[in-house]
Each structure stands twice: as structure tokens, then as C-alpha cells.
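Understanding the architecture of this molecule
For reference, the chains in residue letters:
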Amino acid sequence: AVVSTQSTGVIQEGESEYRCEKCNRLYPDFKYRLMLSVKLADMSGVEWVTLFQENGEKLLGRSTQELGQLKETADEQFDKALDEPLFRRYTFKIRGKLETWNDETRTRMSVFNVADIDPVKESERMLREIAQFA
């Protein structure tokens, strides 16, 4: 997005000028925005979910600006940055929303919180749940 607006569409006009599609003004700089579509899996199955800016940065462990620079200058390092979270364990809080388009209804899942698993807290939670059933 352009630094001084809420626009999401930016087109490079010159070597150091960017045009905002929303307001049609030229700016000297812009900010990268992040939207990730990822496939999560656990013992119950798999689900495609979307992560936006803040949660995508948490998952990848890098800022969006840093990822944008890697994409432009070092594709191999960019690909490696995207592969870092593979097969690691996280706790995701996910929100589902029904959307209808062309008479087809589907559930769109988006992550509203992602965190590394804390083994101590997770063990305490499981012990509390076990105690409830005993």
C-alpha cells in the first residue's frame, strides 16, 4: 500500500514513483502488504486458511518489508523464508465465515492469532481437561 493512504493497489510508474490505483496519485514509496494462503494439518485433517499481515509476519518470523526486499533481490532466500515454518507446531485461532458467490456457498477460514506452542501451558491445559472427566 502507498505510505500515506489505505490503498492496496500500487503500480510502478517510473524508477522511483508508484501510482495508487485508488486515488490515482503518485508517491515516492510504498509499503508491502502480506496475505498468505496456507494449508494446515493435524490429526483431524487439513484446512486451507488465510493469514493477513500481522499473523503472516508472526508465522514467517520476518517483517513484510523484509520479505518484499528478499522477493525482489534474492528469490532463493525468499523461498527459504517461506519454507521455514513447514512441519513446525503452532497454535492457531481461526475464524470461519460463510460466503456466497455465484450461488455457491463456501466457508472461508482466516487466522486471527498464531503462536508457538508453549509445552508447559499446553500440558497444564490438557491436565485440567483430563481432571474434568475424572
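To start, this report covers the structure provided alongside it. (Residues numbered from 1 in each chain as written. Predicted model: local features only at pLDDT ≥ 70, side-chain atom pairs only at ≥ 80, totals over all residues. Heavy atoms only, no water.)

**Some points on the overall build of the protein chain**
Counting its secondary structure elements, the protein chain contains four helices and seven strands. Each helix and strand of the protein chain, placed in order from N terminus to C terminus, yields the pattern β-β-β-β-β-α-α-α-β-β-α. If you line up the protein chain on its principal axes, its C-alpha atoms span 70 × 40 × 25 Å. Looking at the protein chain residue by residue over its 134 residues, the buried ones come to 24%. If you sum the accessible surface of the protein chain, you get close to 10600 Å²; carbon and sulfur atoms cover 50% of it. Once the 20 positive and 24 negative side-chain charges of the protein chain are each reduced to a mean point, those two points are 6 Å apart. (Helix = DSSP H or I, 4+ residues; strand = E, 2+ residues; numbered from the N terminus. Buried < 20%, exposed > 50% of the residue type's maximum accessible area, 1.4 Å probe, protein only. Areas by Shrake-Rupley, 256 points an atom, 1.4 Å probe, with all protein chains shown as cover. Lys, Arg positive; Asp, Glu negative; His and termini not counted. Charge placed at Lys NZ, Arg CZ, Asp CG, Glu CD.)

**Quick notes on the sheet that holds strand β2 (residues 18–20)**
Reading across the sheet, the three strands line up as β1-β2-β3 and stay open at both edges, with antiparallel pairing between neighbours. Both outer strands of the open sheet, β1 (10–12) and β3 (26–27), are each paired with one neighbouring strand and no more. With two bridges connecting them, β2 and β3 associate as antiparallel partners. Paired with Tyr 18 across the strands is Tyr 27, a residue of β3. (Pairing = 2+ DSSP bridges.)

**A short note on helix α4 (residues 119–133)**
Compared with the 21 Å implied by 1.5 Å per residue over 15 residues, the 21 Å span of α4 between its first and last C-alpha is a close match. Of all 15 residues that make up α4, zero are buried, and the element is exposed over most of its length. Structurally, the start of α4 carries an N-cap: the backbone nitrogen of Val 120 is 3.2 Å from a side-chain oxygen of Asp 118. (Expected span 1.5 Å × (residues − 1). Polar contact = N/O pair within 3.5 Å; in protein donor to acceptor, adjacent residues only side chain to side chain.)

**Topic: the nonpolar core**
Membership of the largest hydrophobic core comes to 16 residues, with the highest contact counts inside it found for Leu 36, Val 38, Val 49, Leu 51 and Leu 67. Sorting the residues of this core by element identifies β4 (35–42), β5 (45–52), α1 (53–60), α2 (64–73), α3 (75–83) and β7 (104–116) as the ones contributing at least two each. Per element, the largest residue contribution to this core is three residues, and it comes from β4. If we ignore the near neighbours within four places in the chain, the residues touching Leu 51 are Leu 34, Met 35, Leu 36, Val 38, Gly 56, Leu 59, Phe 92 and Val 111. (Core = buried A, V, L, I, M, F, W, Y, C linked by side-chain atoms within 4.5 Å. Contact = heavy atoms within 4.5 Å.)

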